[in-house]
Amino acid sequence: MTKVYLLALVVVTACAPVYVPNVRNSPMFTKGGEFQASVQVGNGLETQASFSVTDHFGVMTNFSFLDRTRFNPDNQNDYHRHTLMEGGVGYFNNEGPRFFEVFAGYGRGEGSSVDEYIFFGSQSTAATGKYERYFVQPAFGITNKEVDVSFVSRFSLVDFYAFSNELASTAINEKPKVLFEPAVVGRANFAKKHMFILFQGGVSFGMSQNIYFDRRAFQFSTGIGLRLGGKKDLIKRID
């Protein structure tokens, strides 16, 4: 019975998100041997790193974190915590100013929020959900000396496998849910493309029926990044 009640607790009354999509990592590689890293702020602190192993294959790792766990009885939606760590591999092709890339990967995360859950009547409590996520992320766009723009289409398979609070912990036997999470990524380049300022806006749409966990629908972020390595003819080719 505990399992049934706790699932109902999450499904019916949750209004603060336990799943917060991270920002999309679209490296927009041009050649092999490029290393990129960035730090962004938006729905938390976001760090990204990526490396082009060859002229067409790359790897990436992403981390997302936010901790607002000081309880405020006047505004319970201020209470939120989430973490996500993931990695991926992908293929890219750059033809002049145009590029195409597709990455796929896996990660683990968790989210915590406070709400008035059915299982505890009218009493507010914190609940934490843990999940696995698989993603496929095609993207295309343009790169030049001043500005890079990427249109990203990410498909995420999110599988919450456990929920817990102070009084109960249970496994979740629901099927994984598919989310469509497109975004637009913009970069303003300077220092001969060795540094850039990042801007990103994205949304999260549910593609599966009966999505039982609440999620953040909109994501915005800005930050700064650096790019090292790559073929020396990069700047000449894009001028």
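Residues numbered from 1 in each chain as written. Predicted model: local features only at pLDDT ≥ 70, side-chain atom pairs only at ≥ 80, totals over all residues. Heavy atoms only, no water.

Peer 1: What's the story with the overall build of the protein in this structure? I'm lost.
Peer 2: Each helix and strand in the protein was counted, giving two helices and twelve strands. Seen in sequence order, the protein has helices and strands lined up from the N terminus as α-β-β-β-β-β-β-β-β-β-β-β-β-α. Scored against the burial criterion, the 239 residues of the protein give a buried share of 45%. Look at the contacts in the protein between residues 6 or more apart in sequence, and 63% of them connect residues 24 or more apart. (Helix = DSSP H or I, 4+ residues; strand = E, 2+ residues; numbered from the N terminus. Buried < 20%, exposed > 50% of the residue type's maximum accessible area, 1.4 Å probe, protein only. Contact = heavy atoms within 4.5 Å.)

Peer 1: Sorry, what's going on with the confidence of the model for the protein here?
Peer 2: The predicted coordinates of low-pLDDT regions are not to be read in fine detail. Averaged over all residues, the pLDDT of the protein equals 85, while 81% of them reach at least 70. For the stretch residues 1–14, pLDDT sits under 50, and the model shows 31 contacts to residues farther than four places along the chain or on other chains. Note on residues 233–239: pLDDT is under 50 here. Beyond four places in sequence and across chains, it has 13 contacts. (pLDDT = per-residue confidence, 0-100.)

Peer 1: Honestly, the pairing of strand β7 (residues 147–164) in this entry has me stumped. Any pointers?
Peer 2: Both faces of the sheet carry side chains from a regular strand, because those side chains alternate between them. Both β7 and strand β9 (residues 177–190) contribute to a ladder of twelve bridges, which runs antiparallel. Residue pairing in the sheet places Val147 in a bridge with Ala188 of β9. Where β7 and strand β8 (residues 169–171) come together, three bridges link them in antiparallel fashion. Counterpart to Phe163 in the pairing with β8 is Thr170. Here β7 folds back onto β8 in antiparallel fashion, the turn holding four residues. (Pairing = 2+ DSSP bridges.)

Peer 1: Help me understand the pairing of strand β1 (residues 34–41) in this model?
Peer 2: Here β1 shows a buried face lined by Glu34, Gln36, Ser38 and Gln40 and an unburied face lined by Phe35, Ala37, Val39 and Val41. Summarising the sheet, β1 and strand β12 (residues 218–229) pair through eight bridges and their orientation is antiparallel. Bridged to Ala37 within β12 is Leu226. Sheet topology note: the β1/strand β2 (residues 45–52) ladder contains seven bridges and is antiparallel. Note on β2: the bridge partner recorded for Val41 is Leu45. Joining the antiparallel neighbours β1 and β2 is a turn of three residues, in which Gly44 adopts a positive phi near 130 degrees.

Peer 1: Looking at this model, I keep getting lost on a nonpolar patch on the surface. Mind explaining?
Peer 2: Where nonpolar side chains cluster on the molecular surface, the patch consists of Phe35, Phe51, Val53, Val59, Val89, Phe190, Met195, Ile197, Phe199, Ile224, Leu226 and Leu228 and spans about 980 Å² of accessible area. If you list the elements that add at least two residues to the nonpolar patch, you get β10 (195–203) and β12. Within the secondary structure layout, Met195 lies in strand β10. Met195 sits in the partly exposed class, given a relative accessible area of 32%. (Patch = residues over 30% accessible without salt bridge, like charges linked within 9 Å, V, L, I, M, F, W, Y side chains within 5 Å. Areas by Shrake-Rupley, 256 points an atom, 1.4 Å probe, with all protein chains shown as cover. Salt bridge = Lys/Arg side-chain N within 4 Å of Asp/Glu carboxyl O.)

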